[in-house]
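Letter by letter, the chains look like this.
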Amino acid sequence: MTAPEGRGIAGRTDTFRILHVSTGNVCRSPITERLTRHALVDRLGDPLSGGLIVESAGTWGHEGAPMEANAEIVLADFGADATGFVGRELLDEHVIRADLVLTATRDHRAQVISMGHSAGLRTFTLKEFTRLVRAIDPATLPDPRDEGVVERARALVRAAAALRGWLLAPTAEADEVYDPYGAPITFFRSVGDEINQALEPVVTALTGVPAPH
């Protein structure tokens, strides 16, 4: 059996695959996937040239479904591209291939880790990862100009995993992004702002490139 393309626990070493996970893969994780891609383009021009691949799936994913219309509106607000999105159910192969799994909630994180595949050290809620990343000195990470973005990203995940037991959330709810499914556009927009704010320091730390002004 051939190992799935990517790294995770096996596979290629020249890419770094980020997997965003929510429940249906029609609201939160599509927004997070496409905002991550948008931010990476701002930093790198073409994230694929740096070896970064961004995907999403849902623990109860609506396989083949489009993202929610309100999620598309939120992405348009940020100038991010919503075209071509197709919902996916989370499969073992997605977890195996992923170098970093970022989930909407602690329940999603627990579900990913319960799938095995040595996922525990590379699976975080989005807000948890943001909190840990803020505590990491960028000077301790590889310089992407010398060693590449992929090596920097791997080092960032290792550093965040090492900090996890020491830097706890102030409240359990602090690590959650709540589901806007079925909610009005105002709630979708507040969730979009929340996700975007959480992603900014993560993308900066991954790439070593601050957000353009």
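None of the values given here were measured: they were computed from a predicted structure. (Residues numbered from 1 in each chain as written. Predicted model: local features only at pLDDT ≥ 70, side-chain atom pairs only at ≥ 80, totals over all residues. Heavy atoms only, no water.)

Draft legend 1. Broad picture of the sheet that holds strand S1 (residues 16–22). Taken in spatial order, the four strands of this open sheet run S2-S1-S3-S4, and their pairing is parallel. Looking at the sheet topology across the chains shown, the edges are occupied by strand S2 (52–58) and strand S4 (123–125). Averaged over all pairs of adjacent strands, the angle between strand axes in this sheet comes to 25°, irrespective of strand direction. By the bridge criterion, three bridges tie strand S3 (residues 100–103) to S4 in an arrangement that is parallel. Looking across to S4, one finds that Thr 103 is bridged to Thr 125. Each of S3 and S4 touches helix H5 (residues 126–134); the most contacted strand, S4, lies at about 95° to it. (Pairing = 2+ DSSP bridges. Helix = DSSP H or I, 4+ residues; strand = E, 2+ residues; numbered from the N terminus. Axes fitted to C-alpha atoms, helices over the stretch in contact; angles between N-to-C directions. Contact = heavy atoms within 4.5 Å.)

Draft legend 2. Molecular detail of the pairing of S1. Taken across its seven residues, S1 has seven buried, putting it largely inside the fold. Neither face of S1 is left uncovered, since the one carrying Phe 16, Ile 18, His 20 and Ser 22 and the one carrying Arg 17, Leu 19 and Val 21 both have all their residues buried. Sheet topology note: the S1/S2 ladder contains seven bridges and is parallel. Directly across from Leu 19, in S2, lies its bridge partner Glu 55. Examined bridge by bridge, S1 and S3 share four bridges and lie parallel to one another. Within S3, the position partnered with Ile 18 by the bridge is Leu 100. (Buried < 20%, exposed > 50% of the residue type's maximum accessible area, 1.4 Å probe, protein only.)

Draft legend 3. Just unusual backbone geometry, in detail. A positive phi is found at Asn 25, a non-glycine position, where the angle reads about 55°. Positive phi, close to 55°, is recorded for Ser 118, a residue that is not glycine. With respect to the helices and strands, the residue Ser 118 is situated in the loop between helix H4 (106–114) and S4. On the basis of relative accessible area, Ser 118 is assigned to the exposed category, the value being 59%.

Interpretation note: all reported values are geometric properties and have no functional meaning in isolation.
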